[in-house]
Amino acid sequence: YYYCMKEAGLPVNNVLPLPIDLETYKEQRNSGTLKVFHPVNRDESCEDFKGTKLISSVFSELNGKYKNGVEFVCRGGLPHKEYTEMSSSADIVVDQAYSYSYGMSATIAMAQGKVVLSGLEAEARQVPFYAQFPVVNIEPSVESIKRQLQTVLERPATVRSRGQRFAEYARE
């Protein structure tokens, strides 16, 4: 919104971060197989609203490459409690590809200590609050999502410690 308002010549006084109750969404460490989760939009008429078709394609392609060490999950239409449990059980959350910045799924995932991939374009980073934001930027293409996700997955030993840095950022 900041970028759009600025481009339209409208005054922008403050940008507020998306709110999160840190008591509700606590950091959780997982062990065993790495799990990558994409929370699909609840409304079926918006099935590709977040780039789900692109993300699902990448998950299918990478599933063969990482079949013994990574679990890829795309789920939607879940009651909130099940959704937060699914997010909590993941190590990496791929939020959305069709956005210049992150959404609530990314906010929840950061509070839970997950590595987050989402839109976070240069225009969003113009906002001082986002300048040091740890989200891994993905663009709306199979190539971008695959490249960024593989970069994270190629260093599995660091995924959980990176997630801890995301949780620290959410607490700030």
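Here's a quick rundown of the structure. (Residues numbered from 1 in each chain as written. Predicted model: local features only at pLDDT ≥ 70, side-chain atom pairs only at ≥ 80, totals over all residues. Heavy atoms only, no water.)

## Some thoughts on the packing of helix H2 (residues 52-65) against helix H6 (residues 142-153)
Viewed as axis vectors pointing N to C, H2 and H6 meet at an angle of 45°, and their least axial separation amounts to 9 Å. Classified by the interaxial angle, the pair formed by H2 and H6 is oblique. Our pair here, H2 against H6, has a crossing hand that is right-handed. Of H6, the residues touching H2 (which contributes Leu-54, Ile-55, Ser-57, Val-58, Phe-59, Glu-61, Leu-62 and Lys-65) are Val-142, Ile-145, Lys-146, Leu-149, Gln-150 and Leu-153. Broken down by class, the residue content of the contact of H2 with H6 amounts to nine nonpolar, two polar and three charged. (Axes fitted to C-alpha atoms, helices over the stretch in contact; angles between N-to-C directions. Helix = DSSP H or I, 4+ residues; strand = E, 2+ residues; numbered from the N terminus. Parallel < 35°, antiparallel > 145°, perpendicular 65-115°, else oblique. Left-handed = near helix turned anticlockwise from the far one by under 90°. Contact = heavy atoms within 4.5 Å. Nonpolar A, V, L, I, M, F, W, Y, C, P; charged D, E, K, R; others polar.)

## Some points on the nonpolar core
Core analysis: the biggest nonpolar cluster contains 42 residues, and Val-36, Phe-72, Ile-92, Leu-117, Leu-149 and Leu-153 have the highest contact counts within it. The residues contacting Leu-117, other than those within four sequence positions of it, are Ile-92, Val-93, Val-94, Asp-95, Gln-96, Val-135, Val-136, Ile-138, Gln-148, Leu-149 and Val-152. (Core = buried A, V, L, I, M, F, W, Y, C linked by side-chain atoms within 4.5 Å. Buried < 20%, exposed > 50% of the residue type's maximum accessible area, 1.4 Å probe, protein only.)

## What about the sheet that holds strand S1 (residues 34-40)?
Pairing is parallel across the open sheet formed by five strands, whose spatial order is S2-S1-S3-S4-S5. The strands lining the two open edges of the sheet, one partner per strand, are strand S2 (70-76) and strand S5 (136-137). As judged from the seven bridges shared by S1 and S2, these two strands associate in the parallel manner. Residue pairing across strands places Val-36 opposite Phe-72, the latter belonging to S2. Along the sheet, helix H3 (residues 80-89) makes contact with S1, S2 and strand S3 (92-94), crossing S1 at roughly 145°. (Pairing = 2+ DSSP bridges.)

## A few points about the pairing of strand S4 (residues 115-118)
Both faces of S4 are covered, namely the face carrying Val-115 and Leu-117 and the face carrying Val-116 and Ser-118. In this fold, S3 hands off to helix H4 (residues 104-111), which returns the chain to S4; that crossover is right-handed. Bridge analysis of S4 against S5 gives two bridges, and the strand direction is parallel. For Ser-118, the partnering residue across the bridge sits in S5 and is Asn-137. (Right-handed = clockwise from strand over helix to strand, strands pointing away.)

## Brief notes about the side chain of Asp-91
As for its position among the elements, Asp-91 is in the loop between H3 and S3. A distance of 3.0 Å separates polar atoms of two side chains, one belonging to Asp-91 and the other to Arg-160. Ignoring anything within four residues of it in the chain, the contact list for Asp-91 reads Asn-30, Thr-33, Leu-34, Lys-35, Lys-114, Val-115, Val-159 and Arg-160. (Polar contact = N/O pair within 3.5 Å; in protein donor to acceptor, adjacent residues only side chain to side chain.)

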